[in-house]
Amino acid sequence: MFSISFYLRRPFIFLGLLCLSFNFILLQESCFALTYFQVETLKGESLYNQKTLKKNDKLKEDGLLKVSKKSFLGILLPEWNARIVLAPGSQLEINFGPKKEKKLFLKKGALRWSSHKSLGTKELMEKSRKGFLFTKKAKMVIRGTDFIIQQGVAFNETELVVLDGKVLFQSLSDEDDYVVLKLPYWVGIGGRFTSQIGVPIKLDHKIKSFYGLILRFQ
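First, a word on what this report is: a plain description of the structure on this page.

Calculation notes
Every chain is numbered independently, its residues counted from 1 as its sequence is written. In view of the model being predicted, local features appear only for residues whose pLDDT reaches at least 70, and side-chain atom pairs are presented and counted only at 80 or more, with totals across whole chains, interfaces and linings using the full set of residues. Excluding hydrogens and water, the side-chain values take into account all heavy atoms of the structure. Helix and strand assignments follow DSSP, with helices taken as H or I runs no shorter than four residues and strands as E runs no shorter than two, numbered in order from the N terminus. Partly exposed residues are those whose accessible area sits between 20% and 50% of the maximum for their type, while under 20% is buried and over 50% is exposed, using a 1.4 Å probe and protein chains only. Note on contacts: a residue pair is in contact if any heavy atoms of the two residues lie within 4.5 Å. Exposure was quantified through the Shrake-Rupley algorithm and a 1.4 Å probe, taking into account, for residues, occlusion by the shown protein chains and nothing else. What makes a nonpolar core is a set of buried Ala, Val, Leu, Ile, Met, Phe, Trp, Tyr and Cys residues whose side-chain atoms join them at distances within 4.5 Å. Here a salt bridge means any side-chain nitrogen of Lys or Arg lying within 4 Å of a carboxyl oxygen belonging to Asp or Glu. A pair of aromatic rings is counted whenever rings of Phe, Tyr or Trp (Trp by its six-membered ring) have centres within 6.5 Å, and the orientation is called stacked for planes under 30 degrees apart, edge-to-face for over 60 and tilted otherwise.

The helix and strand inventory of the protein chain stands at four helices and 15 strands. Here the protein chain holds 218 residues, and the buried ones make up 42% of them. In the protein chain, the proportion of contacts linking residues at least 24 apart, taken out of those at least 6 apart, comes to 52%. Here the protein chain displays about 12,300 Å² of accessible surface, and carbon together with sulfur accounts for 57% of that area.

For the rest of this paragraph, the subject is the nonpolar core. In terms of nonpolar packing, the biggest core is built from 38 residues, with Leu-77, Leu-104, Trp-113 and Phe-169 touching the most fellow members. By residue number, the principal contributor to this core is strand S11 (residues 138-151), which donates five residues. Setting aside residues no more than four positions away along its own chain, Leu-104 makes contact with Phe-37, Leu-77, Ile-84, Leu-92, Glu-93, Ile-94, Trp-113, Phe-132, Leu-133 and Phe-134. In this structure, Ile-148, Val-161, Leu-163 and Leu-203 belong to the second largest nonpolar core, which totals five residues.

Let's shift gears to the pattern of salt bridges. Enumeration according to the criterion identifies four salt bridges in this entry. The partner of Lys-54 in a salt bridge is Asp-57, and the shortest N-O contact between them spans 4.0 Å. Using a relative accessible area of 53% as the deciding quantity, one classes Lys-54 as exposed. The residue Asp-146 makes a salt bridge to Arg-112 at a minimum N-O spacing of 2.7 Å.

Moving on to the environment of Lys-69. By the element assignment, Lys-69 lies in the loop between strand S5 (63-67) and strand S6 (72-77). Taking relative accessible area as the criterion, Lys-69 reaches 75% and is therefore assigned exposed. Considered as a pair, Lys-69 and Gly-44 are 25 residues apart in the sequence and their alpha carbons are 8.3 Å apart. Leaving out residues up to four positions away in the same chain, Lys-69 has contacts with Pro-88 and Gly-89.

One pass over the structure, following the stated rule, counts four aromatic pairs. Between Trp-113 and Phe-147 the ring centres are 6.3 Å apart and the planes differ by 20 degrees, which places this aromatic pair in the stacked class. Separated by 34 residues along the polypeptide, Trp-113 in strand S9 (residues 104-115) and Phe-147 in strand S11 bring together distant segments of the chain. Like Trp-113, the residue Phe-147 is buried in the burial classification.

Turning our eyes to something else, we now look at unusual backbone geometry. The linkage connecting Leu-183 with the following residue, Pro-184, adopts the cis geometry, with an omega of -15 degrees. With a phi close to 70 degrees, Gln-50 is a non-glycine residue in the positive phi region. You can see Gln-50 is positioned in the loop between strand S2 (46-48) and strand S3 (51-52). Phi is positive for Asn-156, close to 50 degrees, though the residue is something other than glycine. Mapping Asn-156 onto the fold places it in the loop between S11 and strand S12 (158-171). Residue Asn-156 is classed as partly exposed on the basis of its relative accessible area, which comes to 28%.

Right, let's talk about the environment of Leu-42 for a bit. On the secondary structure map, Leu-42 appears in strand S1 (residues 37-43). Residue classification places Leu-42 among the partly exposed positions, given a relative accessible area of 30%. In this structure the C-alpha to C-alpha distance between Leu-42 and Ile-75, which are 33 residues apart in sequence, comes to 8.6 Å.

Structure follows, in structure tokens:
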């Protein structure tokens, strides 16, 4: 092992290592960075911080997104090459800023997430402490996938259906309670399910096709 004095006597090596370390930290932060969301499609009325949204509006400040009953909303996450479609009556809290862990917090309702960037199982595990999308019961690490998440209010339970790719689904009350879910599986936690993440259930072709048609609002 070289001592710190070795690098101090060789400033170019030291500065090079310092730059590499900085870039690595910056890359880790940028993986979860959010600058803005853009309203892509909408039907009915949706509010952000109590202001009515219009097509192509950009959301750049922390706030609460509310979708009215009998309404649908599609928003884009350009930095993640992803799209979210929110079901009627849903509420999604959005947090910008690199130090905030809960970037997206689904308070109630359901959403469908689809994106094209990919992470392997090992990378999902390495980022499991970060999280990205949260409910009251669980957090999800997601890349390159298509899935539906639902947060019930009456029973305070979270359900996940993976239609493509992988999702690391982790309990908020126990970091050791998690599952890496692949298609076509369903899993739930809380409420009418157990206090721990249950055994994933494989969906047959008919049920998967049914979920595939949900929240495909264009």
